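# Residue-level structure breakdown
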Amino acid sequence: MGSSDDVKIGVAIYDFEDSFIAEVRDAIAVCSEGDVPVTIVDAAGRQQTQNEQIEQFIKDGYSAIIVNSVDRTASGVIIEKCRQNDVPLVFFNREPVKDDMAKWDKVYYVGADAVDSGVMAGRIMASYWLSHPEADRNGDGRMQFVIIRGETGHQDTELRTEYFIETLLSAGIMLDKLHEDTTRWRREEGYDVMASFLNRSGDAIEAVFANNDDLALGAIEALQERGYFNGGDFIPVVGIDGTPTGRKALENGTLLGTVFNDAENQGRAAYRIAKELAEGRVPTEEVIGYSITDDRYVWIPYSPLPGKAAEE
Ligand code: BGC
Ligand code: CA
């Protein structure tokens, strides 16, 4: 089907346990059906494992590699290795620094603009706060909030957090950050971190921003155990991703809102670019169906997803 037999694409994933990445992975697999085949491997959160997997792809004659790096600062080493062997690369979701991207012209990045997601999450929280005076539980005219961060060093953790806060401030909301803690993006960590915030500050917490939906869902569970939701008090929690479970929480009125992170289009764009490179062509916008900026970047837009609670 339009591809020669020996062409194949390797896909190196940072961690199969990550819910959002699982969606991108599925999208890549669907695209490859009846087309250039893919082999998808799991680094289970270890950069060393991923480096070995990439070396193996090179040895086994893969024609292009899609990489979701464990540690994005390790991208330079991967690029160098692939450049020496002329195996083109498409990174996604964990963005290599510009200097690394500049090392070779057969390196692409597919992602979503982290700043936009922070701004959109901030707007959902701001509009709720401004239209619900009762959200200021202690009536001091300020929002006492907590942040559940993703991994340190991830562009999405840093920029989502920064622009969420910045958006609330520019809406004229006065803020007191009570707590902030770092995680590895997982639901059970969202639960643990929120439970510990609640132990420390209890009902003083008026709002929660979690860097992704899994963390937000874990936080909601901890809040439910503490008597919030289901008939108890509402507390605004905002996440990012719009995963299937995140969307259910929008519907049942627990999650105030989220920001849709388009896994399917990120997977499809990465696959199409990798296929062009694997078959020895320079990817064009016409063929891949996505705009390419700064020569080798494809940005898939975010969009706000307010939940049922945001409409009340
Ligand atoms: C997603 C998170 C995910 C992370 C993995 C982010 O863009 O929002 O859910 O855990 O990427 O790198
Ligand atoms: Ca307050």
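Above this text you will find the structure in question.
What you see is a predicted model; the values in this text were computed from it and never measured. (Residues numbered from 1 in each chain as written. Chains lettered and ligands numbered in written order. Predicted model: local features only at pLDDT ≥ 70, side-chain atom pairs only at ≥ 80, totals over all residues. Heavy atoms only, no water.)

## A word on the packing of aromatic side chains
Tallied over the full model, the rule gives seven aromatic pairs. Here tyrosine 109 and tryptophan 299 contribute two aromatic rings whose centre-to-centre distance is 5.7 Å and whose plane-to-plane angle is 65 degrees, an arrangement assigned as edge-to-face. With a gap of 190 residues between them, tyrosine 109 in strand β5 (residues 107–111) and tryptophan 299 in strand β11 (residues 297–299) connect regions that are remote in the sequence. Look at phenylalanine 164 and phenylalanine 209: their rings are 4.0 Å apart centre to centre, the planes differ by 10 degrees, and that puts the pair in the stacked class. Residue phenylalanine 164 is located in helix α6 (residues 155–170), and its partner phenylalanine 209 is located in strand β8 (residues 207–210); the two are separated by 45 residues in the primary sequence. Each member of the pair, phenylalanine 164 as well as phenylalanine 209, carries the same accessibility label: buried. (Phe/Tyr/Trp six-rings, centres within 6.5 Å; stacked < 30°, edge-to-face > 60°. Helix = DSSP H or I, 4+ residues; strand = E, 2+ residues; numbered from the N terminus. Buried < 20%, exposed > 50% of the residue type's maximum accessible area, 1.4 Å probe, protein only.)

## Details of the site of ligand 1
As a structural note, the neighbourhood of ligand 1 is formed by 13 residues, with Asp18, Asn93, Arg94, Asp156 and Asp241 the closest of them. At 2.5 Å from an oxygen atom of ligand 1 is found a side-chain nitrogen or oxygen belonging to asparagine 93. In this structure, asparagine 261 approaches ligand 1 through a side-chain N or O atom, which is 3.4 Å from an oxygen atom. For ligand 1, whose unbound accessible area comes to 310 Å², protein coverage reaches 99%. Elements supplying a minimum of two residues to the shell around ligand 1: α1 (19–32) and α6. Of the residues assigned to the shell around ligand 1, the class counts are four nonpolar, four polar and five charged. Built from parts of two domains, the shell around ligand 1 gets at least three residues from each of domain 1 (4–112 + 262–301) and domain 2 (114–260). (Near = heavy atom within 4 Å. Polar contact = N/O pair within 3.5 Å; in protein donor to acceptor, adjacent residues only side chain to side chain. Areas by Shrake-Rupley, 256 points an atom, 1.4 Å probe, with all protein chains shown as cover. Nonpolar A, V, L, I, M, F, W, Y, C, P; charged D, E, K, R; others polar. Domains from an automatic or database assignment.)

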